[in-house]
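Structure at a glance
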Amino acid sequence: MPKLGLVKFAKSREVEGRILNATVRRNPSGKFFVSILVETDVQPLKKTDSSIGIDLGITDFAVFSDGHKVDNHTFTAKMEKKLRREQRKLSRRALQAKNKGIHLFDAQNYQKQKRKVARLYERVRNQRDDFLHKLSTDIIKNHDVICIEDLNTKGMLRNHKLAKSISDVSWSAFVSKLEYKAKWYGKTIVKISRWFPSSQICSECGHQEGKKSLEIRDWTCPICHKHHDRDINASKNILAEGVRTLDLA
Ligand SMILES: [Zn+2]
């Protein structure tokens, strides 16, 4: 490296392809990373003849039209509690330094705690990123057509009750991973209008009921008497709507 010369590093994966450039950065917890940009050919994955609908939710992170659910990573609540605790400690340390008339930059206890909080944040972020990568790769491998709602995250964030959960589960990060992996591996993502009433329609007979408040987790269709899990039913409707729009195109 310029100025530093030879530097030891840990390699997270093999570099494949022609290296175009490398960027070194240091994150808030003090670790150094090198990102390497390469030019490479990506082979499309083999076709599976399978299509799937996904309902992104709050109780569960994702609910699939084949009936399976991926919960909103259990570690989150535990890690959040820990983060809050360490953050309070950081505020106390800042106050202590202020009372003693020490500049924060020179307050050793404060700086030490600051690094600790940064490391915790980093861990939460890494775990989440890892979770989203595994889930999106798994979906892309197993299905050719993936139907999802076109989320208006901005609109939803205005609703404060939902805001925290939404930022937690990082839907938009998940969708963008799905999208670029689909492009790489020759799969199709179909986005359904966010106005499509996926929770109101009976996926069995097509009967459309009125709006259902978020507390209603399951319901029975008054016409065909099929009992529905709210989110599985929604993901089935998302799949049907996605396949329909794809056929029109
Ligand atoms: Zn029905």
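Residues numbered from 1 in each chain as written. Predicted model: local features only at pLDDT ≥ 70, side-chain atom pairs only at ≥ 80, totals over all residues. Heavy atoms only, no water.

A separate point is the coordination of the zinc ion. Taken together, Cys202 (SG), Cys205 (SG), Cys221 (SG) and Cys224 (SG) make up the protein donors of the zinc ion, found 2.3 Å from the metal. Binding-site remark: the zinc ion is held by donors from one chain whose sequence spacing is C-x2-C-x15-C-x2-C. With Cys205 in the loop between strand E7 (188–192) and strand E8 (218–220) and Cys224 in the loop between E8 and strand E9 (227–229), this residue pair connects regions lying 19 residues apart in the sequence. Residue class for Cys224 comes out partly exposed when judged on its relative accessible area of 29%. (Donors = N, O, S within 2.8 Å, 3.2 Å for Na, K, Ca; no water. Helix = DSSP H or I, 4+ residues; strand = E, 2+ residues; numbered from the N terminus. Buried < 20%, exposed > 50% of the residue type's maximum accessible area, 1.4 Å probe, protein only.)

Attention now goes to the domain arrangement of the protein. When cut into domains, the protein gives domain 1 (1–40) and domain 2 (51–248). The straight-line distance from the C-alpha centre of domain 1 to that of domain 2 is 30 Å. (Domains from an automatic or database assignment.)

The subject of this paragraph is the packing of aromatic side chains. What the rule picks out here adds up to four aromatic pairs. On the numbers, 5.4 Å between centres and 75° between planes, the contact of Phe61 with Phe131 is edge-to-face. Linking Phe61 in strand E4 (residues 60–64) with Phe131 in helix H2 (residues 108–142), this pair joins segments that are 70 residues apart in sequence. Among the aromatic residues, ring-to-ring pairing joins Phe61, Phe131 and Phe174 into one connected group. Over the aromatic face of Trp219 sits the side chain of Lys212, whose NZ or CZ is 4.0 Å from the ring centroid. (Phe/Tyr/Trp six-rings, centres within 6.5 Å; stacked < 30°, edge-to-face > 60°. Lys NZ or Arg CZ within 6 Å of the ring centre and 35° of its normal.)

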